[in-house]
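Each chain, written out:
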Amino acid sequence: MNKTAPKIAFIGAGNMSSAVIGGMLKGHFSAEQIIACAPSDKNLKPLSEQFGVHTDHDNARACAAADVVVLGVKPQMLKQVAGDIKAHLAHKPLIISLAAGIPLASLSEWLGEDLAIVRSMPNTPSLVGVGAAGLYANDNCSAEQRDIAESIQASVGIVKWLEEEALIDSIIAVSGSGPAYFFLAMEAMINEGVQQGLDRDSATELTIQTVLGAATLAQNSNVDVLELRRRVTSPGGTTAQAIAHFEEHGLRELFSGAMQACSNRAREMAKELG
Ligand SMILES: NC(=O)c1ccc[n+]([C@@H]2O[C@H](COP(=O)([O-])OP(=O)(O)OC[C@H]3O[C@@H](n4cnc5c(N)ncnc54)[C@H](O)[C@@H]3O)[C@@H](O)[C@H]2O)c1
């Protein structure tokens, strides 16, 4: 393996692979190191045009030449793709699976019991370098392979190594699926802003800036999010009314229920697909 510039093959070139590739190129990886594979040009063309990475329709050929194989296909496709590439992994590249709900035991069974495999659960803000990922490695991974997996994810955001594989399902509930919760909240805020008379562009810009501002403040503050909320909420004022409405209508329970549904689905997928 080339330790300084490993060759990395992405099998599957959709939303998540594109976000990681785009983020990696803003970090210290070069387009020369990366090849993206998918059956059609629909996903590949934007990647070669926008990022200048190599592309191929042939998963096996890309895997045979790779030091690292990133599995970025839908969980439903993974068993079939694993069957197609298994014979081309004799040189034992590091495997990184991005798939929700597919356990290491299944990946090892499908790809080879002696392979080093890391499960990674990233999120789409990786594209702009503010991703958040959880990683879990099997016992075949060397320290060097763990470093490579970490360097890929760290180039696009923060990384947490997990003590137990089961915690990947908690990472999905918090940060893997998490961006969608905030996009939904933003959609609702934009629509209500328009309902109250703002033009859509202003409502959109103000909502996005508010979410960015809240996250940036929380990240740069030495007090917790509860205290930051208190500082917005004047007693008897406007925010207090909004927060009381959220509390009365069970926003906390809604979040708990949604996040439990999310990780339960990952466990169900392991039974259905693993
Ligand atoms: N989207 C997210 O926010 C997110 C976050 C974390 C993890 N993931 C995981 O990432 C994986 C990909 O999700 P996505 O949202 O990018 O899906 P997607 O549908 O956007 O991308 C899937 C890609 O796989 C390609 N593909 C289909 N069949 C293939 C084959 N036989 N060989 C090679 N490529 C093939 C498709 O052409 C497409 O490029 C999933 O396993 C998902 O669980 C996604």
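Residues numbered from 1 in each chain as written. Predicted model: local features only at pLDDT ≥ 70, side-chain atom pairs only at ≥ 80, totals over all residues. Heavy atoms only, no water.

1. Considerations on the site of the ligand
Near the ligand you find 23 residues, and of these Asn-15, Met-16, Asn-43, Asn-59 and Val-73 are the closest. In this structure, Asn-43 approaches the ligand through a side-chain N or O atom, which is 2.6 Å from an oxygen atom. Between the ligand and the protein, one listed contact pairs an oxygen atom with a backbone N or O atom of Val-73 at 2.7 Å. For the ligand, whose accessible area on its own is 830 Å², the fraction buried by protein is 81%. The set of elements that each furnish at least two residues to the shell around the ligand consists of helix H1 (15–26) and helix H4 (75–85). Examining the composition of the shell around the ligand, we find that three residues originate from one element, H4, more than from any other. Class assignment for the residues of the shell around the ligand results in 15 nonpolar, seven polar and one charged. (Near = heavy atom within 4 Å. Polar contact = N/O pair within 3.5 Å; in protein donor to acceptor, adjacent residues only side chain to side chain. Areas by Shrake-Rupley, 256 points an atom, 1.4 Å probe, with all protein chains shown as cover. Helix = DSSP H or I, 4+ residues; strand = E, 2+ residues; numbered from the N terminus. Nonpolar A, V, L, I, M, F, W, Y, C, P; charged D, E, K, R; others polar.)

2. Here we look at the UniProt feature "domain: Pyrroline-5-carboxylate reductase catalytic N-terminal" (unreviewed entry) in the protein chain
With numbering matched to this structure, UniProt assigns "domain: Pyrroline-5-carboxylate reductase catalytic N-terminal" (unreviewed entry) to residues 7–101. Between the first and last C-alpha atoms of residues 7–101 the distance is 26 Å; the span itself is 42% helix and 20% strand. (UniProt positions renumbered as here; feature names shortened; annotations may be inferred.)

3. Focus on the nonpolar core
Judged by nonpolar contacts, the single largest core of 34 residues is most densely connected at Val-69, Leu-71 and Leu-111. Not counting residues up to four positions away in its chain, the partners in contact with Leu-71 are Ile-11, Leu-78, Ile-85, Ile-95, Ile-96, Ser-97, Leu-98, Ala-99, Leu-107 and Leu-111. Among the nonpolar cores identified, the runner-up in size contains 31 residues, and Met-24, Phe-51, Leu-135 and Ile-152 belong to it. (Core = buried A, V, L, I, M, F, W, Y, C linked by side-chain atoms within 4.5 Å. Buried < 20%, exposed > 50% of the residue type's maximum accessible area, 1.4 Å probe, protein only. Contact = heavy atoms within 4.5 Å.)

4. A look at the sheet that holds strand S8 (residues 157–161)
One open sheet holds the eight strands; their spatial order is S3-S2-S1-S4-S5-S6-S7-S8, and the pairing between them is mixed. Edge positions in the sheet fall to strand S3 (54–56) and S8, since each of these pairs with one other strand and no more. Within this sheet the neighbouring strands show an average axis-to-axis angle of 25°, counted without direction. The pairing of strand S7 (residues 131–137) with S8 spans five bridges and is parallel. Paired with Ala-132 across the bridge in S8 is Ile-158. Helix H6 (residues 143–154) contacts strand S1 (8–11), strand S4 (68–71), strand S5 (94–97), strand S6 (117–121), S7 and S8 of the sheet and is inclined by roughly 145° relative to S8. (Pairing = 2+ DSSP bridges. Axes fitted to C-alpha atoms, helices over the stretch in contact; angles between N-to-C directions.)

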